[in-house]
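Residue-level listing of the chains:
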Amino acid sequence: MMRKVLIRLLNLVPVLAGISFLSFLLMRLSPGDFLSQMSLNPQVSPEIIAKLRSLYGLDQPLPVQYLKWVEALLRGEFGYSFSYHVKVSDLILSRVPNTLLLAVSSVILSWGLAIPLAIRGAMYPNGWIDRTLTGMSYLSIAIPSFFLAILGVLLAGETGWFPIGGASSPGVLGESSWSVFLDRLHHLILPALTLALGSIGVLYRLMKSSVMEVMGKPWMTAARARGLSSSYLRRRYLFRNAVNPLITIFGFELGGLLSGAAFTEMVYGWPGMGRLMLHAVMSQDLYLVMGGIMTGAVMLLLGNMIADAFLWFLDPRVREE
Amino acid sequence: MIVSFPSFFQRTVVVFSMAILLSGCSRGSVASLHLAPRNPVTGGHLSMDILSDPKTFNPALASETSSTQILGYLFRGLTRESPEDGSVKPDLAEKWRISDGGRRVTFFLSRNLKWSDGAPLDGRDVLFTYRDVYNNPKVATPIRGLLTVAGKPIQVSLKDDYTVVFETSVPFAPLLEELGAEILPRHILAPAISSGKFNQAWSIRENPRNIVGDGPFMMTRYVPGQIVSLAVNPHYTPPPGLEPSPGCPLPCLSSIDLRIVGDANSQLVRFLAGKGDLYGVSPNEMSLLKPAAKRAAFTLFTRGPGLSESFLTFNQNPRSPIAAYKRAWFVSRKFREAIAWSIDRKAMISIVLNGMGEPIYGPVSPSVRAFYHQTYPIYRHDPQKARDLLIKAGFHLERGRLFDASGHAVEIVLLTNVESPQRMLMAQIIQSNLLDVGIKVRVVGLQFNMLATNVMTSFNWEMLLFGLTGVTDPHGDAAVWKSSGFLHLWNPREKKPQEPWEAEIDSLFEQGSLEMNPAKRKKIYDKWQEIAHHELPMVDLVTPDGITAVRKTLGGIRPSPLGGVVPHITQVFQKARIVHS
């Protein structure tokens, strides 16, 4: 067991090296760099840009830049952001808690709703509940998240029920922790709902078909024929057998925790990773983008590992292989 | 990890769906905002939304508006620019004397100036700022280029604690305007210079209260991605000649909140819901905002034509890889003039700018009254005149298509940057205008950096639709208009001027920067505008009117052509507040 985990962890090294090299290559091969935006400004002469370029180390050959970056990475440093003149790790760490708060609450919402509803839907397929939910899940799959987010902002603007934008009210800092908590929750509801509604459809459909498949299995019929009650079967066997495909999805969701909410964050003005990274990509802030990509990649790989570990834990068939 | 979808598509979808939704929702279902007057008006609060986080709090390193907008409240320079006409006014320096034929400018600082921490501000800070920061090769500042005259850095010295002398090797007329750069506190930043850590100093990780400035406000709080809060600087001394609003000190407001809301649509919804006092309106939002003005208690102010304009230019560069016969069209003055007559600027304004813009026929915006010169003829939309000119220039029409003397069909690739939906729309209008005179145009939208590479490095382009950062002093455009300039787009960095009129413009810009007498200086730049208007290396198109929605809670709004609706934040006051009934 420990050996397996170690091998998996060691396997991550070449994968991460590959991801980092390819991303670095793509960033550097795309036309221009962080300073190109200044090149069409009459107030900034090419001589100044050249000086800045050497100050930032952008005039060195690609392999040298990459190796320097890797060397810094091995020392645990992501480098400095060009536009902020601040350590990349500081920037990312300052945004991670907000993004995690949003992503985790949306995952709890969507999974907490989708799984019980899917089991219910599979029990009575084509009943009115299932038909309503199936229709809604099509909508949830079809509507892009940024559009749903705009609808949310409009709802907030028209009704005044929810704050628009940000993660807390300007005046609330410095008040009691209870009102700070309530204020955060108030700001969180709409973005978290938006994200959850976007993924609930897929989860519902997957879980429902998986449950129905398990229910049609010959061993289910056999168990029922031997007199085991439906509710006992449901509690003891159904869920554990049906949940396998969802665990793989769960792995991906873990991986996407930091990056999956980008559009929603943009529209709601949620101060998370999404906006930071979008601006970084658009301004070609090389080391900030690399820091973001590496964090995302590590999260994805770890997410998959955790999902595999769950499967191993839940499913004896996987263990025996 | 982030997929950026085409912003043009997104904006179109969004504006369209918002129009439907808002027109559906705003019928009576939403409560109007009620205002209660404030008396006295002193000590008010202002809040507005900004699009992105500041990148740095260090004025020497700041290069984009998300930082400079905030720093503008916290710092000031020796001089400032009049928002009315672009002339130079005193700020930290109460007066100055020009001597030695324009080679020496002596600034006399106001006495009793203080930094926001109470420390005295004097000439030593000015010397530190210019000598140790802006002219320091180790500092990553884009300002240094401005402070080089005839290839040599400007010399700064102290006569006494309140008298600073700037010396140049040749007279340099735009010097006064360029010395508006922010002065930095020596007592705080000198250690960062001597330890070589200046490029990391005053980053956004710095405690906002440690940013010591000399502007009307100081920072009290910065929460990344959420808010920047400012409070009045108790040690602020207003510049000489700045009139306070009635019943107000300078500044009148006591605090400002800048909320960071990254999405323009969310900002719009927030403003309509009563959040924030100022909102910069883009032309396609006018139809949403106009009907809501009464309910949401705001007024739309227009400051008139601004500095940003768009133009068409043609590749005349012999070093470029484009076909020689095509370059021959672009070098022909008559051809360029024909293009100028073909463009329907009125259509551009009504389609692209929703009627909120002005046609532009020359390189200086009419709002820069200190330098604008009216030139004739005015290139109105006249396709017949354009066709006549083209035929005079040796072209001929066959079944509605234009051919040159050697039989090449006139087909042109028009390049523009794809990030700007407005420019993409303008390109389509140009395409159809030129088709009317028989010219077939293919529009290619490129991502900004690709465009810059094509135009500046490989010279692989034919016709370009673009806009440059506007400036008030014409000398700021020297890089564009001098034949040796790096942004002389149609033929950059010429060894010697290719055309006689280019040589003439070169000498005018030379004279313009040496002439210290404003009236004589204007004459020089008038001549330049006449040549530019006649030769048309750039065909100027339109400029948008700056429109700002201002909540009726604010007073002291003074729309000005160059400073927007709030040319000086100190004059603004809060005359009412919103009451929630």
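These numbers were taken from a predicted model, which means no experiment stands behind them. (Residues numbered from 1 in each chain as written. Chains lettered and ligands numbered in written order. Predicted model: local features only at pLDDT ≥ 70, side-chain atom pairs only at ≥ 80, totals over all residues.)

Caption draft 1: Quick look at the overall build of chain A. For chain A, the count of helices and strands is 14 helices and 0 strands. N-terminal to C-terminal, the α/β element order of chain A is α-α-α-α-α-α-α-α-α-α-α-α-α-α. Its C-alpha atoms put chain A at 85 × 55 × 40 Å along the principal axes. Residue burial in chain A is summarised as follows: out of 321 residues, 37% are buried. Within chain A, contacts between residues at least 6 apart in sequence are counted, and of these 73% link residues at least 24 apart. (Helix = DSSP H or I, 4+ residues; strand = E, 2+ residues; numbered from the N terminus. Buried ≥ 20, exposed ≤ 12 C-beta atoms within 10 Å, placed from the backbone. Contact = placed C-beta atoms within 7 Å.)

Caption draft 2: A look at the overall build of chain B. Along its length, chain B carries 16 helices and 27 strands. On the principal axes, the C-alpha backbone points of chain B span a range of 75 × 70 × 50 Å. Counting across all 581 residues of chain B, residues that qualify as buried make up 45%. Taking contacts inside chain B between residues at least 6 apart in sequence as the whole, the part at least 24 apart equals 70%.

Caption draft 3: The arrangement of the environment of P377 of chain B in detail. Following the sequence through the fold, P377 of chain B ends up in the loop between β17 (357–359) and α11 (383–392). On the basis of neighbour counts, which here come to 13 C-beta atoms within 10 Å, the residue P377 of chain B falls in the partly exposed class.

Caption draft 4: Structural detail: the interface of chain A and chain B. Each partner contributes residues to the interface: chain A has 52 residues there, and chain B has 55 residues. For the side of chain A that touches chain B, the secondary-structure elements that each account for two or more residues are α2 (46–55), α4 (88–123), α6 (145–159), α11 (262–268), α12 (273–282) and α13 (286–314) of chain A. In terms of residues, the side of chain A that touches chain B owes the most to one element, α12 of chain A, which gives 6 residues.

Caption draft 5: Representation of the pairing of strand β22 (residues 463–468) of chain B in the model. Residue and element names in this part refer to chain B. In terms of burial, β22 is largely enclosed, as 5 of its 6 residues are buried. Across 2 bridges, the pairing between strand β20 (residues 411–417) and β22 is parallel. When the bridges of β22 are listed, L415 appears paired with L464. (Pairing = 2+ DSSP bridges.)

Caption draft 6: Quick peek at the sheet that holds strand β21 (residues 440–446) of chain B. Residue and element names in this part refer to chain B. Read from one edge to the other, the open sheet built from 5 strands follows the order β21-β20-β22-β16-β23, with strand pairing classed as mixed. Each edge of the sheet is formed by a strand with only one pairing partner; in this case those strands are β21 and β23 (538–540). Averaged over all pairs of adjacent strands, the angle between strand axes in this sheet comes to 30°, irrespective of strand direction. Inspection of the sheet shows strand β16 (residues 309–314) paired to β22 by 6 bridges, in the antiparallel sense. Looking at β22, one finds that S310 is bridged to G467. Relative to the sheet, helix α13 (residues 448–458) contacts β20, β21 and β22, its axis offset from that of β20 by approximately 130°. (Axes fitted to C-alpha atoms, helices over the stretch in contact; angles between N-to-C directions.)

Caption draft 7: Just the confidence of the model for chain B, in detail. Residues and elements named next belong to chain B. Here chain B averages 89 in pLDDT, while 94% of its residues score no lower than 70. Counting contacts from residues 1–13, a segment whose pLDDT is below 50, to residues more than four positions away or on other chains yields 18 contacts. pLDDT under 50 marks residues 23–29. Its contacts with residues more than four places away, or in other chains, come to 4 contacts. Listed scores for the predicted complex are pTM 0.81 and ipTM 0.72. (pLDDT = per-residue confidence, 0-100.)

Caption draft 8: Quick peek at the packing of helix α10 (residues 345–352) of chain B against helix α12 (residues 421–436) of chain B. All names here are of chain B. Two elements in contact, α10 and α12, have axes separated by 10 Å at closest approach and are oriented at 140°. You can see that α10 and α12 cross each other, and the crossing is right-handed. Judged by residue contacts, A347, M348, I351 and V352 of α10 engage Q422, L425, M426 and I429 from α12. Looking at side-chain class alone, the contact of α10 with α12 contains 7 nonpolar, 1 polar and no charged residues. (Left-handed = near helix turned anticlockwise from the far one by under 90°. Nonpolar A, V, L, I, M, F, W, Y, C, P; charged D, E, K, R; others polar.)

Caption draft 9: Molecular detail of the nonpolar core. Membership of the largest hydrophobic core comes to 150 residues, with the highest contact counts inside it found for V153, Y204, V267 and Y287 of chain A together with L74 of chain B. Counting residues per element, this core draws most heavily on helix α7 (residues 177–215) of chain A, at 13 residues. Dropping the residues within four chain positions of it, Y204 of chain A is found in contact with A114, L117, A118, L133 and S137 of chain A. Counting residues in each nonpolar core, the second largest holds 62 residues, with A340, L353, I439 and M538 of chain B among its members. (Core = buried A, V, L, I, M, F, W, Y, C linked by C-beta atoms within 7 Å.)

Caption draft 10: Region of interest: unusual backbone geometry. The omega torsion of the bond from N39 of chain B to P40 of chain B falls at 0°, within 30 degrees of zero and hence cis. Residue Y376 of chain B is joined to P377 of chain B through a cis peptide bond whose omega torsion reads -5°. Positive phi, normally seen in glycine, also occurs at H85 of chain A, with a value near 55°. Tracing the sequence through the fold places H85 of chain A in the loop between α3 (62–74) and α4. Unusually for a residue other than glycine, N354 of chain B sits at a positive phi of about 55°. By the secondary structure assignment, N354 of chain B is in the loop between α10 and β17. A count of 18 C-beta atoms within 10 Å places N354 of chain B in the partly exposed class.

Caption draft 11: Representation of the packing of helix α1 (residues 2–29) of chain A against α13 of chain A within the structure. Residues and elements named next belong to chain A. The interhelical angle for the contact between α1 and α13, taken along N-to-C directions, is 150°, at an axis separation of 10 Å. Taken together, the axes of α1 and α13 are roughly antiparallel relative to one another. The hand of the α1/α13 crossing is right-handed. From α1, R8, L12, V15, L16, I19, S20, S23, F24 and M27 reach across to α13, where they touch L286, V289, M290, I293, M294, A297, L301 and M305. Of the residues assigned to the contact of α1 with α13, the class counts are 14 nonpolar, 2 polar and 1 charged. (Parallel < 35°, antiparallel > 145°, perpendicular 65-115°, else oblique.)

Caption draft 12: Inspection of α1 of chain A at higher detail. Helix length check: α1 of chain A (28 residues) gives 41 Å between terminal C-alpha atoms against 40 Å at 1.5 Å per residue, within 8%. Counting buried positions over the 28 residues of α1 of chain A gives 1, only a small fraction of the element. (Expected span 1.5 Å × (residues − 1).)

Caption draft 13: Here's a closer look at the environment of H34 of chain B. All names here are of chain B. Note that H34 resides in strand β1 (residues 34–37). By C-beta crowding, H34 is classed as partly exposed, having 13 other C-beta atoms within 10 Å. For the pair formed by H34 and F486, sequence separation is 452 residues and the distance between their alpha carbons is 55 Å.

Caption draft 14: Examining the sheet that holds strand β9 (residues 155–160) of chain B more closely. Residue and element names in this part refer to chain B. Spatially, the 4 strands line up as an open sheet ordered β5-β6-β10-β9, and their pairing is antiparallel. Strand pairing shows two members of the sheet lacking a second neighbour, β5 (93–99) and β9, which therefore form its edges. Sheet twist, expressed as the mean angle between neighbouring strand axes with direction ignored, is 20°. Pairing geometry for β5 and strand β6 (residues 104–109), over 6 bridges, is antiparallel. Within the sheet, the bridge partner assigned to K95 lies in β6 and is F108. Sheet strands touched by helix α3 (residues 123–134): β6, β9 and β10 (163–167). Its angle to β9, the strand with the most contacts, is close to 170°.

Caption draft 15: Representation of the pairing of strand β13 (residues 253–260) of chain B in the model. Residues and elements named next belong to chain B. Examined bridge by bridge, strand β2 (residues 44–50) and β13 share 7 bridges and lie parallel to one another. What sits directly across from D49, in β13, is R259. Sheet analysis places strand β12 (residues 227–232) next to β13, joined by 5 bridges and oriented antiparallel. Bridge pairing links A231 to S255 in β13.

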